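The primary structure of each chain is shown beneath.
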Amino acid sequence: VAAGQPGDVLPLPRLKKNYDGRAFRLLELTLHNVMEQHMANVSLQQHIDTHLADGKKLLAQNRYGEAESEFAEVVSLSPDDPQAHLLLAQAFEAQGKHAEAARELQTSLKLEDSAAGHLSLAHVYLSMNQPDLARAQGQAALNLEPGNQQAVRLMQQIQAGVPAARTTP
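This one's a predicted model, so the numbers in the text were calculated from it and none came from an experiment.

**As for the packing of helix 5 (residues 98-111) against helix 6 (residues 115-127)**
Okay, step 1: One way to put it is that helix 5 packs onto helix 6 with a least axis distance of 9 Å and a crossing angle of 160 degrees. The orientation of helix 5 relative to helix 6 falls into the category roughly antiparallel. Here the hand of the crossing between helix 5 and helix 6 comes out left-handed. The segment helix 5 lies against helix 6, with His98, Ala101, Ala102, Leu105, Gln106 and Leu109 engaging Gly117, His118, Ser120, Leu121, Val124, Tyr125 and Ser127.
Okay, step 2: Per-class residue counts for the contact of helix 5 with helix 6 are seven nonpolar, six polar and no charged.

Next comes the structure, spelled out in structure tokens:
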């Protein structure tokens, strides 16, 4: 019986039992490309908002590498958005990429001077064992918001030489 004739029985495809990292990266890239094609039909702000929402969800689920990808996409779409740089820095910091986190926070602070940005950068500097830089950032946060309790606690911990516990600004 020739293929394509009624009654033909084709063999069932075998499911691959072992997948390598390359296969998953290819699948991830394919899915990313499909999503980006879909996003080409929406406004830039909707595109940005979608990546932001996805990144925040992933960050909350401790899926830091994926959150990093989402926030990096936001930064590429909107490089002048200080919040995008701040969120990307949080994803970097959660992965222990302190230098990258510091770079993103510095960019965020150049775009918008904020107590949250200074506090985050202070925590990054503490992670990098640079208490003097952390103190300067804590003081900058206090200058912007004198009553900021997180900044007050951070400065007290730095003065006491106690490693500061990380809190979300």
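**Observations concerning the packing of helix 6 against helix 7 (residues 131-144)**
Okay, step 1: Running from N to C, helix 6 and helix 7 cross one another at 165 degrees; their axes reach a closest spacing of 8 Å. Here helix 6 is positioned roughly antiparallel relative to helix 7, judged by the angle of their axes. As for the relative orientation of helix 6 and helix 7, their crossing is left-handed in sense. Residue-level contacts link Ala115, His118, Leu119, Leu121, Ala122, Tyr125 and Leu126 of helix 6 to Pro131, Leu133, Ala134, Gln137, Gly138, Ala140, Ala141 and Leu144 of helix 7.

**Details of the environment of His85**
Okay, step 1: Looking at the secondary structure, you find His85 in helix 4 (residues 82-94).
Okay, step 2: Look at His85 and you get buried, because its relative accessible area is 5%.
Okay, step 3: Here the alpha-carbon distance between His85 and Leu105, two residues 20 residues apart in the chain, equals 6.4 Å.
Okay, step 4: Discounting chain neighbours no more than four positions away, the residues touching His85 are Val75, Pro79, Glu104, Thr107, Ser108 and Leu111.
Okay, step 5: A polar atom in the side chain of His85 sits 2.8 Å from the backbone oxygen of Pro79.

**Looking at the side chain of Asn148**
Okay, step 1: Take Asn148: it is sitting in the loop between helix 7 and helix 8 (149-160).
Okay, step 2: A polar side-chain atom of Asn148 sits 3.0 Å from the main-chain amide nitrogen of Gln150.
Okay, step 3: Only 3.1 Å separates the side chain of Asn148 from the backbone nitrogen of Ala151, close enough to count as a polar contact.
Okay, step 4: The residues touching Asn148, leaving out its near neighbours within four places in the chain, are Ala115, Leu119 and Leu142.

**Remarks on helix 2 (residues 44-60)**
Okay, step 1: Along its 17 residues, helix 2 runs 24 Å from first to last C-alpha, staying within 8% of the 24 Å computed at 1.5 Å per residue.
Okay, step 2: Within the span of helix 2, buried status applies to His47, Ile48, His51, Leu52, Gly55, Leu58 and Leu59. Seen from one end, helix 2 has its buried residues packed into an arc of 130 degrees, which puts them on one side. With respect to the buried face of helix 2, the exposed residues turned more than 90 degrees away are Lys57 and Ala60.

**Overview of the pattern of salt bridges**
Should the charged atoms of two oppositely charged side chains come close, the side chains can pair.
Okay, step 1: For the structure shown, the criterion picks out three salt bridges.
Okay, step 2: We note a salt bridge from Glu66 to Arg63, for which the minimum N-O separation is 2.7 Å.
Okay, step 3: Under the relative-accessibility criterion, Glu66 is labelled partly exposed at 36%.
Okay, step 4: In this structure, Glu68 and Lys97 form a salt bridge, with 3.0 Å as the shortest nitrogen-oxygen distance. Of this pair, Glu68 sits in helix 3 (residues 64-77) while Lys97 sits in the loop between helix 4 and helix 5, and the two are 29 residues apart along the sequence.

Rules of the game
- Residues numbered from 1 in each chain as written.
- Predicted model: local features only at pLDDT ≥ 70, side-chain atom pairs only at ≥ 80, totals over all residues.
- Heavy atoms only, no water.
- Axes fitted to C-alpha atoms, helices over the stretch in contact; angles between N-to-C directions.
- Helix = DSSP H or I, 4+ residues; strand = E, 2+ residues; numbered from the N terminus.
- Parallel < 35°, antiparallel > 145°, perpendicular 65-115°, else oblique.
- Left-handed = near helix turned anticlockwise from the far one by under 90°.
- Contact = heavy atoms within 4.5 Å.
- Nonpolar A, V, L, I, M, F, W, Y, C, P; charged D, E, K, R; others polar.
- Buried < 20%, exposed > 50% of the residue type's maximum accessible area, 1.4 Å probe, protein only.
- Polar contact = N/O pair within 3.5 Å; in protein donor to acceptor, adjacent residues only side chain to side chain.
- Expected span 1.5 Å × (residues − 1).
- Arc of directions from axis to C-beta.
- Salt bridge = Lys/Arg side-chain N within 4 Å of Asp/Glu carboxyl O.

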